[in-house]
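Each chain, written out:
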Amino acid sequence: MSADKTEKLETDLNNPATEKSSKLQTQENNPFYDPTLKARHASAKRFRLLTILAIVFSLGFLLFFLGDMVVKGLPAFQQTYIQIEVDYSKVAGTSYRKALDKKYRRVVSRAWTRMLPSQIEADPSLAEKKLKVWALADDQVDQYLKGHFYKLKDKDKQLIDEMKAAGDVKLKFNKIFFTQGDSKIPENSGIHSAIIGSILTLLVTMVFAFPIGVMTAVYLEEFAVDNRWTRLIEVNINNLAAIPSILFGLLGLAVFINLFGMPRSSPLVGGLTLALMTLPIIIVSARAALRSVPGSIRQAAFGLGLTKIEVVQDHVLPLAFPGILTGSIIGLAQAMGETAPLIIIGMIAFIPDAPTSIFEAATVMPAQIFTWAGMPERAYIERTAAGIMVLLTVLLSLNALAVYLRKKYEVKW
């Protein structure tokens, strides 16, 4: 085919408004005709449709999960209180329940009545008084007023209905959820001790993982010679970042508890175990941040007569620090959501009081949520969902902080 004919044929094909172009596109003897074109276009449309359906399904599942969690968790932030008359003169020894009228004893929380002696200790003038006070209601009363499953006798329901009509029943903000630790009495259980345990555990994690991880990354990226031992170390670091987290729990149990005799269920052991798990993430992210610093920075510093250590310390590391910090925060957020390794080392114990040091027994928020999820009482279901909401809020805040720091201090070359 001559050059003039080929050029004319291409011009006709590129002009879809002409009838001749339509005919040329369907001719099998046309050198520009592709018989698979229609099938490939149909396949592309199907693939695009499948990706859209996958995204819609994922977003729908996420919205369903979050919606169900919010619906179940929001009631936990309110707790039922009832106004009753208490005769403090009858509080003596273990007979504190006698201070209440008999009809109120089944609808008032046992945890609240146990605190009557401590109220008198705090204010001795109460010992001879008979007062109307707001008392914490039993969990079954709380569930009844919230419209959930409950186990109340008819006379108790009638009593609560009468008190509600008289204005002696209220739903108040559940500050107990944030100020109390775990409890076998649902209405008196909170997440305070788990929050303190999580903070202490993560402090230990960052104190050990951050400096070791950054120094390891600096050595491997800036000082280490490229040989088989260095490559072996790099392969092992990448493999450690991919193994199941429960194996780190077994390692912590074997090394820190059985070998070194550290206190079981303590934030010290939990923090060291999570530090082992977080180290690969910090090393990998720190190396990527160091690698992103242009070589011209190093060459300019060497040209001024600086040593290798001075170049890394005064120029490379400060420029890479925002990326290192971002990776460390993400690693910290991942460690905060871990449960499996902490279960192995015993941080799922019943902890009613918040720990005051890293050597005392403690629990963390994921483990506390796991414990509540296995309790039979209906009130623990809403506390489980509320605990998840608190944990997700903290994790999302940490990730948002990482994104903010990356955008704020990111240097573009």
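All values reported here derive from a predicted model rather than from experimental measurement.

### Comments concerning the pattern of salt bridges
- Counting across every chain of the model gives 13 salt bridges.
- Across the salt bridge formed by Lys130 and Glu85, the nearest N and O atoms sit 3.9 Å from each other. In this pair, Lys130 sits in strand S2 (residues 130-136) while Glu85 sits in strand S1 (residues 78-87), placing the two residues 45 residues apart along the sequence.
- The shortest N-O distance in the salt bridge between Arg291 and Glu221 comes to 3.1 Å. Here Arg291, found in helix H12 (residues 267-291), pairs with Glu221, found in helix H9 (residues 192-223); they are 70 residues apart in sequence, far enough to count as distant.
- For Glu221, a relative accessible area of 23% translates into the label partly exposed.

### Details of the sheet that holds S1
- Strand order in the open sheet formed by three strands is S2-S1-S3, with antiparallel pairing between adjacent strands. At either end of the open sheet lies a strand with only one pairing partner, and these are S2 and strand S3 (169-173). Neighbour-to-neighbour, the strand axes of the sheet open up by a mean angle of 35 degrees, direction not taken into account.
- As judged from the five bridges shared by S1 and S3, these two strands associate in the antiparallel manner. Bridged to Ile82 within S3 is Val169.

### A closer look at a nonpolar patch on the surface
- On the surface, Ile55, Phe57, Leu59, Phe61, Leu62, Phe65 and Leu66 cluster together into a nonpolar patch covering about 720 Å² of accessible area.
- Along the chain, Leu66 falls in helix H3 (residues 37-73).
- For Leu66, a relative accessible area of 32% translates into the label partly exposed.

### Re the packing of H9 against helix H14 (residues 308-336)
- Between H9 and H14, the least distance of the axes is 9 Å, while the angle of their chain directions is 135 degrees. Relative to H14, H9 is oriented oblique. Read as a crossing pair, H9 and H14 show a hand that is right-handed. From H9, Leu202, Met206, Phe210, Val214, Val218, Glu222 and Phe223 reach across to H14, where they touch Lys308, Ile309, Val312, Val316, Leu317, Phe321, Ile324, Ser328, Leu332, Ala335 and Met336.
- Considered class by class, the residues forming the contact of H9 with H14 number 15 nonpolar, one polar and two charged.

### Digging into unusual backbone geometry
- Even without being glycine, Ser265 reaches a positive phi, approximately 65 degrees.
- Structurally, the position occupied by Ser265 is in the loop between helix H11 (245-259) and H12.

Scoring rules and cut-offs
Residues numbered from 1 in each chain as written. Predicted model: local features only at pLDDT ≥ 70, side-chain atom pairs only at ≥ 80, totals over all residues. Heavy atoms only, no water. Salt bridge = Lys/Arg side-chain N within 4 Å of Asp/Glu carboxyl O. Helix = DSSP H or I, 4+ residues; strand = E, 2+ residues; numbered from the N terminus. Buried < 20%, exposed > 50% of the residue type's maximum accessible area, 1.4 Å probe, protein only. Pairing = 2+ DSSP bridges. Axes fitted to C-alpha atoms, helices over the stretch in contact; angles between N-to-C directions. Patch = residues over 30% accessible without salt bridge, like charges linked within 9 Å, V, L, I, M, F, W, Y side chains within 5 Å. Areas by Shrake-Rupley, 256 points an atom, 1.4 Å probe, with all protein chains shown as cover. Parallel < 35°, antiparallel > 145°, perpendicular 65-115°, else oblique. Left-handed = near helix turned anticlockwise from the far one by under 90°. Contact = heavy atoms within 4.5 Å. Nonpolar A, V, L, I, M, F, W, Y, C, P; charged D, E, K, R; others polar.

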